[in-house]
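Chains, contacts and geometry: an overview
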Amino acid sequence: MELYRGSRHAGTARARARCTSPAVLARLRGGQAKRFGQPFAPGPPVPAESVGKAHAEDVILAATGDAEVWTLRCRPHPVLFDHPMDHVPGNLMIEAMLQATRSRHWPRRVGVRALSANFHSYADLDRLVTVRAADPIGDDEPILVSLTQDGEHLADGLITTTPLN
């Protein structure tokens, strides 16, 4: 996909997804495909400005005391939860990667120049998800962000930023 703002090229996106049958989904989820847990929001959000947000209700990371690690505030949000589901949505995991990246650069403001994400396993809504982002080396060096639950690797993203100010 080529993205334009007016006549100016704004970016390029590529995606690949695989759809599964209900039987395969049940196998992947270990028989828990119909289990709808209560979304888990451990602790208050980090400051909105530190993750590039204007409003606290849009922050999905909670502090852990370690500058490289957060917990995912997995709670209903009109954009990130557009329908009931039994797992943490992929777009919530991507948003966590983006917010963690912005937090690692804070107080410098950065935009995202490139993002490559891989998803390895489903994440349950009602259990703690840990988000970890490496220390940024430089403006042009990508940051690796990973998400885990109960020690299982869920997803990772490689995010390259560009300074905004």
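Please refer to the structure higher up on the page.
This text gives an overview of the structure that appears in the document. (Residues numbered from 1 in each chain as written. Predicted model: local features only at pLDDT ≥ 70, side-chain atom pairs only at ≥ 80, totals over all residues. Heavy atoms only, no water.)

**What about unusual backbone geometry?**
Cis geometry is adopted by the peptide bond preceding P107, which originates at W106 and carries an omega value of 15 degrees. Looking at the element boundaries, P107 is found in the loop between α2 (90-105) and β5 (110-119). If you check the backbone angles, D150 has positive phi at about 50 degrees while not being a glycine. Along the chain, D150 falls in the loop between β7 (143-149) and β8 (152-163). (Helix = DSSP H or I, 4+ residues; strand = E, 2+ residues; numbered from the N terminus.)

**Some details on the pairing of strand β6 (residues 130-133)**
Side chains V131 and A133 project from β6 onto a buried face, and the interleaved T130 and R132 project onto a face without burial. Bridge count between β6 and β7: four bridges; the pairing is antiparallel. Considered in β7, the bridge of V131 is made with L147. (Buried < 20%, exposed > 50% of the residue type's maximum accessible area, 1.4 Å probe, protein only. Pairing = 2+ DSSP bridges.)

**Digging into the side chain of T101**
Mapping T101 onto the fold places it in helix α2. You can call T101 buried: its relative accessible area is 1%. Within polar-contact distance, the side chain of T101 engages the backbone oxygen of M97 at 2.9 Å. If sequence neighbours within four positions are ignored, T101 has contacts with I143, V145, I159 and T161. (Polar contact = N/O pair within 3.5 Å; in protein donor to acceptor, adjacent residues only side chain to side chain. Contact = heavy atoms within 4.5 Å.)

Keep in mind these numbers describe shape, not what the thing actually does.
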